[in-house]
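Fold and contact review
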Amino acid sequence: MRALFDIFAQVFQSIGANKLRSFLTMFGIAWGVASLLLLIGLGEGFRSGQRRGLSELGSDVIMLFSGTVPALPNQHTGMRPYKLTLSDADAIRAEAFHVRNATAFIDRGDLKEVSEFSSAGGSVLGAEANYPQIRNLPVAEGRWINAADEAQHRQVVFLGQKNNKLLFPGRPSVGSFITLNGYRFQVIGVAPKIGRGNNDSDNQRVYIPLSTMLELFPILGENIPADAVTSIQYQPTTEDQNEAAKADVHRIIAKRHDFDPSLTDAFEEWDTIKANKTVGLIFTAMDVFLGGVGIVTLALGAVGIINIMLVTVTERTKEIGLRKALGATNSSILMQFFLEGIMLTGISGLIGIAGAATLMMVLGHAMGDNQMGFDPPRLVPWSAAMAMGTLVLCGVVAGIYPASRAATMQPVEALRKE
């Protein structure tokens, strides 16, 4: 044990004797490690931000909108428009084998919202009772629209967080009344703030039963069905069955609106499951690229350490010869130089990891919770483990070769070196 302590003391003494060289070597490796972790942490911030943004829309949602049917595939002339209807949504719920839930709604932005205190803008959504099962819409006060509201065409309204503040500034709203284009509606509930940052579109909405919307504020226009809706949104049975669910829905919609389901241009839709997978693949590729760049950078740092250790061996040739002449064994010489290489890389790596973690923590506090589409960077455990594993490997390589050179020197030849 005493011999081991002596070796460590000699290692620290050697590193301290060449302060500038040791500092520059360690700084280069620490900078490489910190840069690698920070870049991967930023990428993970983007990834988690995108996932969070999609999850705030709802869980496994596929959004379908009214479209136009081309006369021929890939042709954009002579296109025939069609409107989705509530009966289409009923058919999807009844006939789509790979769909577990579906909801329809009407979205109108031309209705005037007035309370006894103020007025507000924003869209009015005529929604079904199952809307929160598909889209993210929690309840802060009161309740959401129920089946009785729909069946009896009740004039009730559920307020988004911002419109609640605008219509009832500093006052209770549940149980009070507002008017929509002159029709009187009772407030039954209020949503909390949804999303982050300045995107307030969801917070500026108010919701009424879809049956009431179809009765009082239907979508009007030439050749538009009486039960026309803005969108039908649905969820596949499982996340992996999104393509099968879309095929079922395409078949049903094409049959009901008299066109070939193979005309993909006829469907206006957004598959959030596919979008989430695409985003994940992009950021995984980015992580692999950045990880590869980081490993190459650390390997170059190891080459630098090998070079420095070889220079150290050359400079200390006479010292090595003297120590061996006084009885130092090959293993003790080998251990000293090996530990010196390992400690240079190990301490540098720990400094780099600590620096990256500190910087990411500072950035997280500075950014707060208001960045849309981007979460604060965070230290990713696998990237730190990869960096440390690479550093250990580099340290072993950087220590063994120069150490073996030092250990195999003959004392007489070492002492004769100038």
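Look up: the structure comes first, before these words.
Residues numbered from 1 in each chain as written. Predicted model: local features only at pLDDT ≥ 70, side-chain atom pairs only at ≥ 80, totals over all residues. Heavy atoms only, no water.

Here we look at the overall build of the protein
- When helices and strands are tallied, the protein shows 13 helices and 14 strands.
- Across the 418 residues of the protein, 46% fall into the buried class.
- By sequence separation, contacts in the protein at least 24 residues apart represent 77% of the contacts at least 6 residues apart.
- Of the roughly 20500 Å² of accessible surface on the protein, a fraction of 61% belongs to carbon and sulfur atoms. (Helix = DSSP H or I, 4+ residues; strand = E, 2+ residues; numbered from the N terminus. Buried < 20%, exposed > 50% of the residue type's maximum accessible area, 1.4 Å probe, protein only. Contact = heavy atoms within 4.5 Å. Areas by Shrake-Rupley, 256 points an atom, 1.4 Å probe, with all protein chains shown as cover.)

A few points about the packing of helix α3 (residues 86-95) against helix α8 (residues 242-256)
- In the contact formed by α3 and α8, the axes pass within 10 Å of each other and the chain directions differ by 135°. Relative to α8, α3 is oriented oblique. Every pair of crossing elements has a handedness; the one defined by α3 and α8 is right-handed. Residues Ser87, Asp88, Ala91, Ile92 and Glu95 of α3 pack against Val249, Arg251, Ile252, Ile253 and Arg256 of α8.
- Looking at the contact of α3 with α8 residue by residue, the class counts come to 5 nonpolar, 1 polar and 4 charged. (Axes fitted to C-alpha atoms, helices over the stretch in contact; angles between N-to-C directions. Parallel < 35°, antiparallel > 145°, perpendicular 65-115°, else oblique. Left-handed = near helix turned anticlockwise from the far one by under 90°. Nonpolar A, V, L, I, M, F, W, Y, C, P; charged D, E, K, R; others polar.)

Focus on the pattern of salt bridges
- Enumeration according to the criterion identifies 12 salt bridges in this entry.
- Note that Arg256 and Asp88 form a salt bridge whose closest N and O atoms lie 2.5 Å from each other. Here Asp88 lies in helix α3 and Arg256 lies in helix α8, a separation of 168 residues in the sequence.
- With relative accessibility at 40%, the residue Arg256 sits in the partly exposed group.
- Of the charged contacts, one joins Asp240 and Lys277 as a salt bridge, the two residues approaching to 3.9 Å between their closest N and O atoms. Within this pair, whereas Asp240 is found in the loop between β13 (231-236) and α8, its partner Lys277 is found in helix α9 (residues 272-315), the two being separated by 37 residues in sequence.
- Residue classification places Lys277 among the partly exposed positions, given a relative accessible area of 36%.
- One salt-bridge network, held together by shared partners, links Asp90, Arg93 and Glu128. (Salt bridge = Lys/Arg side-chain N within 4 Å of Asp/Glu carboxyl O.)

Examining the packing of aromatic side chains
- If you walk through the whole model with that rule in mind, you get 10 aromatic pairs.
- Seen in terms of ring centroids, Trp144 and Phe158 are 5.1 Å apart; in terms of plane orientation they differ by 80°. Their pairing is edge-to-face. Taken together, the residues span a long stretch of sequence, with Trp144 in the loop between β8 (141-142) and α5 (147-151) and Phe158 in strand β9 (residues 156-159) at a distance of 14 residues. The residues Trp144 and Phe158 share a single accessibility class, namely buried. (Phe/Tyr/Trp six-rings, centres within 6.5 Å; stacked < 30°, edge-to-face > 60°.)

A closer look at the pairing of strand β4 (residues 99-108)
- Taking burial as the measure, the 10 residues of β4 include 8 buried ones, the bulk of the element.
- Here β4 runs beside β13; their pairing, made up of 6 bridges, is antiparallel. Bridging from a neighbouring strand, Ala104 pairs with Ile232 of β13.
- By the bridge criterion, 4 bridges tie β4 to strand β7 (residues 124-127) in an arrangement that is antiparallel. If you follow Ile106 over to β7, its bridge partner there is Gly126. (Pairing = 2+ DSSP bridges.)

Examining the nonpolar core
- One finds Ile92, Ile178 and Ile253 to be the most contacted residues of the largest nonpolar core, which totals 46 residues.
- Sorting elements by how many residues they give to this core places α8 first, with 5 residues.
- Those residues in contact with Ile178 that sit more than four places away from it in its chain are Val114, Ser115, Val157, Leu159, Leu167, Phe168, Tyr183, Arg184, Phe185 and Val187.
- In this structure, Leu36, Leu290, Ala384 and Ala387 belong to the second largest nonpolar core, which totals 16 residues. (Core = buried A, V, L, I, M, F, W, Y, C linked by side-chain atoms within 4.5 Å.)

Everything listed here is a matter of geometry and, on its own, says nothing about what the molecule does.
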